[in-house]
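Summary of the model geometry
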Amino acid sequence: MEPISIAMIADFFHPDVGGVEGHIYMLSANLIRMGHKVIVITHSRPPDRVGIRWLLPGLKVYYLPFVTIASGATLPNFFTFLPYLRTILIREHVHLIHAHASLSSLGHEGILHSHLMGVRTVFTDHSLFGFEDAASILTNKLLAGTLRNVDAVICVSHTGRENTVLRGELFEQSEDDPPRLVVSSNVYVIPNALVSKRFQPGLLQKSDTITIVVLSRLAYRKGIDLLVATAPRICAAFPNIRFLVGGDGPKLIDLLQMREKYLLQDRIELLGPIKHNDVRSVFIRGSIYMNTSLTESFGIAILEAACAGLYVVSTRVGGVPEILPEDMISFADPNEDDVFRAVSEAISLVSAGKHDPIKAHERVKRFYDWTQVAERTERVYHTVMKSEQRDLWDRITRTMRLGRYAGPIYSIILLVDCLFFLFLEWWMPREDMDFVTHHWNHRRFASATRGL
Amino acid sequence: MSTKIPPWEKVLWKNQPYPDNYIPEGALESSLRKNPNFKPYTYWPLVHLSIAITQHLATIFIFLSVFVRLKDRSLDPRVLISVSLGCFFVGYFVWEVLQYTQRSGGGSKHGSKRNERVKTLKSSILIFLALMSLSPVLRTLSAATSSDSIWALSACLFLLNILLADYGSSSSVAQVRPERLTSVLSMNAAISSSVVLASRLSSDLAVFALIQFSVQSFTLFPMLRRRLQVPMQALLTFALSISSLILAAPLSSTIAFLFLLVLLAITFLAPAVLVWAQKYKNEIRGPWDVAVPKVN
């Protein structure tokens, strides 16, 4: 595929740390290595992270002045991003934008505005959402409005795809009887990946104690209640077990209280918040990784643990059943007794020596690789670039079909957006812009990125 | 002989010979479950449940009619006081009967029952005397406010009372349910509304009569109402609605007609609308839902 210019748009990027941020960075780095040009557009973190920065390996990041309201997300709006986006996309000769995360309003706006400049759009959804509470109903309606005219949607797991299709109404009702749901053909599943070199297993040590590692944000969503309920039972039933709990959050108090109540200070060690660079050193201290979360779209932490050679015990929720083969993971239903059963099974497996960390590492290395993910994503881009862009009338008719009230509202937004764009074309004409030209040789950058 | 393509599996770690946008037929429908907890509403049980709301509304209408008559001085406050005292004794008698009949075997001891009666007598005398001494103060409390604001304020407060009231029923014995915040708020709203209205009256005795009547109707009567059983509920609703209409009719036939409309709509029309709206119920459950952890 010939090289194209790609703009990644998301609220969540460096210097914030998280799954989405890492995904965007690694995907961009691999796309640059394959010869494309990638820029990232995100909001600024005043006072230090403002303006335009460069990250290795030749990734230009635009930090735009938008105010954040909660946990790194900006306020949803429809028009204030257009002047910035128009200028950036025209200057950088961008062919395609890739928006990430449903909670990122910059991404949604990017998809709304890009068609005015002839730029194609791809959207990646990283998380699972419900349908019932008031916040979900509103965000799903916003998502349906945005995804009505997007060119391709990528989800990180099959469960995530089903969830996104239902939330964003990416299906049509077929005419057979009974009417079936036919999913649009532009919804893809491309999983996340991890850098396996950073999660090498440690040296094999023969010892009697088996350490169970738990590493997560200590919040309700991560199922810490299950951990608090089962840890005393496990410690009582298996005298050679030790727990290693890393991370911080509101449920730390519950863990501390449980530890006090059952006098397990020497069996449960609490490490506090762990930086991402130190995660591997915590992993190699254990042989079993326990994940009790109540909802998980992909579960990258589980993969990192499996890559470091740990045997995994996890609750069967969300996309977790899809990520590892049955012999590397034990599943449990989200209730205390089943978690206990699964952990006992894991302990007996590991004590019998039936789990080989080196082999596990090699397998995970082959399963999830950033080069593969970047290639699959590049194929999606290729399909999108080959297809024809929808014209304005087509967009308006599709938007009107959203609903009796939502349809006209979104169509009005679309039309006002077009008018605003025409105004900007007159006020800030293209001829007066500074265009960006590359003088570098990409092969030199490719050799610089070979270390990643 | 062509090589068979292995069937598609819902896993991410395998390199499958299918394109990334492949989704087998029926995969989406098999993951989701539509309306799994759906218990459809039926009309007549809903009507029975809405009787509590009708009773509450009827009580409010009666109160308003009494207030208008007191203001016009067509009702002697002394009559009102004696009527409400009579109602109080009748109500207390009914409560005692209910407690006796609904008591589970081996109930409270005789001594504690007498203790309770003494406490009840003490608190009722206390409230009676407190209201009597506070009524001159309450009469001039909002005397400076103009009448229009008073009507608006009172209407808002009664609306708040209707919206937040506790319409449940519990026929089990000696169950002291902790009061929820909303039911306490609704009671406070009703009492505030009657205090605000009382300032429009002309004599201290009238104020005392009104406040005492309101305390009885909005705090004590709901407690009694919750304990009554179903056949009595229907009879009581009917009696209250008829009395509210009778009291309102001489004052203004339009208002009485409106009262009748509202009562009929709440009792018969609203459940019908709810049953009709069931067809729009669209609950989707699937593997993406947040699991509920079950700990022993």
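Residues numbered from 1 in each chain as written. Chains lettered and ligands numbered in written order. Predicted model: local features only at pLDDT ≥ 70, side-chain atom pairs only at ≥ 80, totals over all residues. Heavy atoms only, no water.

The name an unreviewed UniProt entry assigns to chain B is Phosphatidylinositol N-acetylglucosaminyltransferase, from the organism Lentinula guzmanii. Quoted verbatim from the Subcellular location (unreviewed entry) field of UniProt, the annotation for chain B is "Membrane". Taken directly from UniProt, the Pathway (unreviewed entry) text for chain B runs: "Glycolipid biosynthesis; glycosylphosphatidylinositol-anchor biosynthesis." (UniProt positions renumbered as here; feature names shortened; annotations may be inferred.)

Chain A is annotated in an unreviewed UniProt entry as Glycosyltransferase family 4 protein of Lentinula guzmanii. UniProt, in its Function (unreviewed entry) section for chain A, records the words "Catalytic subunit in the complex catalyzing the transfer of N-acetylglucosamine from UDP-N-acetylglucosamine to phosphatidylinositol, the first step of GPI biosynthesis."

Attention now goes to the overall build of chain B. Counting its secondary structure elements, chain B contains 9 helices and 2 strands. The globule rule puts the C-alpha radius of gyration for 296 residues at 19 Å, and the 28 Å found for chain B is more than 25% above it. By principal-axis analysis of the C-alpha atoms, chain B measures approximately 105 × 55 × 35 Å. Residue pairs at least 24 apart in sequence account for 81% of intrachain contacts in chain B once pairs closer than 6 positions are excluded. When the accessible surface of chain B is split by element, carbon and sulfur atoms take 68% of a total near 18000 Å². (Helix = DSSP H or I, 4+ residues; strand = E, 2+ residues; numbered from the N terminus. Rg over C-alpha atoms; globule rule 2.2 N^0.38 Å. Contact = heavy atoms within 4.5 Å. Areas by Shrake-Rupley, 256 points an atom, 1.4 Å probe, with all protein chains shown as cover.)

Below, the discussion takes up the interface of chain A and chain B. Facing the 44 residues of chain A at the interface are 29 residues of chain B. Across the chain A/chain B interface, buried area totals approximately 3200 Å², and carbon plus sulfur atoms make up 60% of it. If you sort the residues of chain A by the area they bury against chain B, A:His158, A:Arg161 and A:Glu162 come out on top, with a joint share of 17%. Run the count over chain A and chain B and you get 3 salt bridges. Between B:Asp20 and A:Arg376 there is a salt bridge; the shortest N-O distance is 2.8 Å. Taken together, the links from chain A to chain B amount to 14 residue pairs in polar contact (both at pLDDT 80 or more). Ranked by residue count, the leading element in the side of chain A that touches chain B is helix H5 (residues 158–168) of chain A, at 7 residues. Its residues assigned to classes, the side of chain A that touches chain B shows 25 nonpolar, 8 polar and 11 charged. (Buried area = accessible area lost by both parts, 1.4 Å probe. Salt bridge = Lys/Arg side-chain N within 4 Å of Asp/Glu carboxyl O. Polar contact = N/O pair within 3.5 Å; in protein donor to acceptor, adjacent residues only side chain to side chain. Nonpolar A, V, L, I, M, F, W, Y, C, P; charged D, E, K, R; others polar.)

Right, let's talk about the UniProt feature "domain: Glycosyl transferase family" (unreviewed entry) in chain A for a bit. Here the UniProt feature "domain: Glycosyl transferase family" (unreviewed entry) sits at residues 204–347 of chain A. Between the first and last C-alpha atoms of residues 204–347 of chain A the distance is 17 Å; the span itself is 34% helix and 21% strand.

Let's shift gears to the sheet that holds strand S4 (residues 59–64) of chain A. Residue and element names in this part refer to chain A. Here 8 strands make up an open sheet; going across it, the order is S3-S4-S2-S1-S7-S8-S9-S12 and the pairing mixed. Every interior strand has two partners, whereas the edge strands, strand S3 (51–55) and strand S12 (187–189), have only one. Strand-to-strand twist across the sheet, computed as the mean angle between neighbouring axes with direction ignored, equals 25°. Pairing geometry for S3 and S4, over 5 bridges, is antiparallel. Within S4, the residue paired with Leu-55 across the bridge is Leu-59. Helix H2 (residues 82–91) contacts strand S1 (5–9), strand S2 (37–43), S4 and strand S7 (96–100) of the sheet and is inclined by roughly 160° relative to S4. (Pairing = 2+ DSSP bridges. Axes fitted to C-alpha atoms, helices over the stretch in contact; angles between N-to-C directions.)

This part covers the sheet that holds strand S13 (residues 210–215) of chain A. Residue and element names in this part refer to chain A. Spatially, the 6 strands line up as an open sheet ordered S15-S14-S13-S16-S17-S18, and their pairing is parallel. Each of the sheet's edge strands pairs with one partner strand only, and the pair in question is strand S15 (268–272) and strand S18 (329–332). Sheet twist, expressed as the average angle between the axes of neighbouring strands with direction ignored, equals 20°. By the bridge criterion, 2 bridges tie S13 to strand S16 (residues 288–291) in an arrangement that is parallel. Across the sheet, Ile-212 pairs through a bridge with Ile-288, a residue of S16. Sheet strands in contact with helix H6 (residues 224–237) are S13, strand S14 (241–246), S15, S16 and strand S17 (311–315), and its direction is about 155° off that of S14. Each of S16, S17 and S18 touches helix H9 (residues 300–307); the most contacted strand, S16, lies at about 175° to it.

The next thing to look at is the UniProt feature "transmembrane region" (unreviewed entry) in chain B. All names here are of chain B. Mapped onto the present numbering, the UniProt feature "transmembrane region" (unreviewed entry) falls on residues 43–67, 79–98, 119–138, 150–169, 230–249 and 255–277. Its end C-alpha atoms 36 Å apart, residues 43–67 is made of 100% helix and 0% strand. What you have in residues 255–277 is 100% helix and 0% strand, and the ends, taken at the C-alpha atoms, are 30 Å apart.

Residues and elements named next belong to chain A. Of the consecutive residues His-14 and Pro-15, the connecting peptide bond is found in the cis state with omega at 10°. Tracing the chain through its elements places Pro-15 in the loop between S1 and helix H1 (19–33). The amide bond that connects Pro-46 to the next residue, Pro-47, takes the cis arrangement and shows omega of 5°. By secondary structure assignment, the location of Pro-47 is in the loop between S2 and S3. With a phi close to 75°, Ala-101 is a non-glycine residue in the positive phi region. The topology assignment puts Ala-101 in the loop between S7 and helix H3 (105–114). Overall, the relative accessible area of 5% leaves Ala-101 in the buried class. For Glu-169, which is not glycine, the phi torsion reads 55° and is therefore positive. Residue placement: Glu-169 occurs in the loop between H5 and strand S10 (171–173). Classification of Glu-169 by relative accessible area gives partly exposed; the value is 28%. (Buried < 20%, exposed > 50% of the residue type's maximum accessible area, 1.4 Å probe, protein only.)

This model, assessed by the stated rule, comprises 25 salt bridges over all chains. A salt bridge links A:Glu345 to A:Arg341; the nearest nitrogen and oxygen atoms lie 2.9 Å apart. Taken together, the positions of A:Glu345 and A:Arg341, both in helix H10 (residues 336–351) and 4 residues apart, correspond to about one turn of that helix. A:Arg341 sits in the partly exposed class, given a relative accessible area of 36%. Residue B:Arg139 pairs with B:Asp204 through a salt bridge whose shortest N-O separation is 2.7 Å. With B:Arg139 in helix H4 (residues 110–141) and B:Asp204 in helix H7 (residues 204–227), this pair connects stretches of sequence that are 65 residues apart. Note on B:Arg139: relative accessible area 28%, which makes it partly exposed. What makes B:Asp204 partly exposed here is its relative accessible area of 32%. Ionic contacts of the salt-bridge type, sharing partners, join the residues A:Glu132, B:Glu283, B:Arg285 and B:Asp289 into one network.

Residue and element names in this part refer to chain A. Taking 1.5 Å of rise per residue, the 22 residues of helix H14 (residues 406–427) would be expected to cover 32 Å, and the 31 Å separating its terminal C-alpha atoms lies within 8% of that figure. Looking at H14, one finds that the buried residues are Ala-406, Gly-407, Tyr-410, Ser-411, Ile-413, Leu-414, Asp-417, Cys-418, Phe-421 and Leu-424. Buried residues of H14, viewed axially, fall in a sector of 155°; they line one side. Exposed positions of H14 whose direction lies more than 90 degrees from the buried face are Ile-412, Leu-419, Leu-422, Trp-426 and Trp-427. Looking at the buried positions of H14, the neighbouring elements they touch are H2, H3, helix H4 (134–147) and helix H13 (392–400). (Expected span 1.5 Å × (residues − 1). Arc of directions from axis to C-beta.)

So, on to the pairing of strand S8 (residues 120–125) of chain A. All names here are of chain A. Counting buried positions along S8 yields 6 of 6 residues, so the element is predominantly enclosed. Taking every second residue as pointing to the same face, both faces of S8 are buried, with Arg-120, Val-122 and Thr-124 on one and Thr-121, Phe-123 and Asp-125 on the other. Between S7 and its parallel partner S8, the chain crosses via H3, and the hand of that crossover is right-handed. Alignment of S8 against strand S9 (residues 152–155), held across 4 bridges, turns out to be parallel. The residue bridging Val-122 from the neighbouring strand is Ala-152, located in S9. (Right-handed = clockwise from strand over helix to strand, strands pointing away.)

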